Amino acid sequence: MYELGKISRRVATVAGLLAAGLTAAEWKIDPAHSAASFSVRHMMVSTVRGHFGKISGTVNYDPDAPEKAQVAAEIDVASIDTRNEKRDAHLRSEDFFYADQYPTMVFRSKRVERTGGGLRLIGDLTIRGVTREVAFDVEGPAPPVKDARGNLRTGATATAKINRTDFGLKWNRALEAGGWTVGHDVTITVDVELISSGN
């Protein structure tokens, strides 16, 4: 398969808010301007990229106690798009995500750590019913701005690398020259735009 990743009601990448100095509030992911993308090696010669177009979630954040922030997100597995219908159907099948049985991927935050120049969001990522702890490096957040309707918005990007086999995504084929058709390591990038639910 080709990855993943990001992700049950509050988003990984939202972690950037923890450094924004915003007042305590609940922010929601704007699904029209957010997505989770992924990349994985194919036949050891190229990189296949795709994304999940349907993502939702919220973040509860108090700037006076960032370690208590609650971040979560949910991704609709069936929204996967790698620009190849046959491949997408295979990824939704039991060989990979098994979307009929496990329709969503979920991320729930556990803690936030400050790094040299940013933040690291650590939490539980559940894919295909398997939960593993994952750390996302966060870029952002962007300075909050008001849109044309007066809603306050901000955004961030979070990136993590996982081994897909840890989540039960084990399908593969050996190559005659050695190696595998699909790489094990998957890079996940979650881009989110957040809107204040208080506006």
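Residues numbered from 1 in each chain as written. Predicted model: local features only at pLDDT ≥ 70, side-chain atom pairs only at ≥ 80, totals over all residues. Heavy atoms only, no water.

**Considering the overall build of the protein chain**
Check the secondary structure of the protein chain and you find one helix and 12 strands. Its helices and strands taken in sequence order, the protein chain reads β-β-β-β-β-β-α-β-β-β-β-β-β from the N to the C terminus. By the burial criterion, 45% of the 199 residues in the protein chain qualify as buried. (Helix = DSSP H or I, 4+ residues; strand = E, 2+ residues; numbered from the N terminus. Buried < 20%, exposed > 50% of the residue type's maximum accessible area, 1.4 Å probe, protein only.)

**Remarks on the pattern of salt bridges**
Considering all chains together, one arrives at eight salt bridges under this definition. Across the pair Lys110 and Asp124 runs a salt bridge, and its minimum N-O distance is 3.5 Å. Of this pair, Lys110 sits in strand E7 (residues 104–114) while Asp124 sits in strand E8 (residues 119–127); the two residues are 14 residues apart in sequence, bridging distant segments of the chain. Taking the relative accessible area as the measure of exposure, Lys110 reaches 42% and is therefore partly exposed. (Salt bridge = Lys/Arg side-chain N within 4 Å of Asp/Glu carboxyl O.)

**Considerations on the pairing of E8**
As paired elements, E7 and E8 share eight bridges and run antiparallel to each other. Residue pairing for E8: Val112 is matched across the bridge by Leu121. Connecting the antiparallel pair E7 and E8 is a turn made up of four residues. As judged from the nine bridges shared by E8 and strand E9 (residues 130–139), these two strands associate in the antiparallel manner. The residue of E9 that forms the bridge with Gly123 is Val134. (Pairing = 2+ DSSP bridges.)

**Let's talk about the packing of aromatic side chains**
Evaluated as defined, the whole model comprises four aromatic pairs. Aromatic pair Phe38 and Phe52: ring centres 5.4 Å apart, planes at 50°, arrangement tilted. With a gap of 14 residues between them, Phe38 in strand E2 (residues 35–42) and Phe52 in strand E3 (residues 46–52) connect regions that are remote in the sequence. With respect to burial, Phe38 and Phe52 carry one shared label: buried. An aromatic cluster of at least three residues, connected via ring pairs, comprises Phe38, Phe52 and Phe97. (Phe/Tyr/Trp six-rings, centres within 6.5 Å; stacked < 30°, edge-to-face > 60°.)

**As for the side chain of Ser79**
Assignment of secondary structure puts Ser79 in the loop between strand E5 (70–76) and strand E6 (80–81). Assessed through its relative accessible area of 14%, Ser79 is described here as buried. For Ser79, the residues in contact, after removing those within four places along its chain, are His51, Phe52, Gly53 and Lys54. (Contact = heavy atoms within 4.5 Å.)

**Observations regarding the nonpolar core**
Phe97, Ile127 and Phe136 are the most contacted members of the largest nonpolar core, which has 39 residues in total. In terms of residues, this core owes the most to one element, strand E12 (residues 182–196), which gives five residues. (Core = buried A, V, L, I, M, F, W, Y, C linked by side-chain atoms within 4.5 Å.)

**What to know about the environment of Glu193**
When you line up the elements, Glu193 lands in strand E12. Each C-alpha atom, one on Glu193 and one on Asp30, is 5.6 Å from the other, the two residues being 163 residues apart in sequence.

**Details of unusual backbone geometry**
With a phi angle near 70°, Arg83 is a residue other than glycine that sits in the positive phi range. Inspection of the secondary structure puts Arg83 in the loop between E6 and helix H1 (85–92). For Arg83, a relative accessible area of 73% corresponds to the exposed category.

**What to know about the confidence of the model for the protein chain**
Counting all residues, the mean pLDDT for the protein chain is 78, and 73% of those residues have values of 70 or more. Put simply, strand E4 (residues 55–61) is where the protein chain has its lowest mean pLDDT, 84, and E6 is where it has its highest, 94. In the predicted structure, residues 1–22 sits below a pLDDT of 50 and forms 143 contacts with residues beyond four places in sequence or in another chain. (pLDDT = per-residue confidence, 0-100.)

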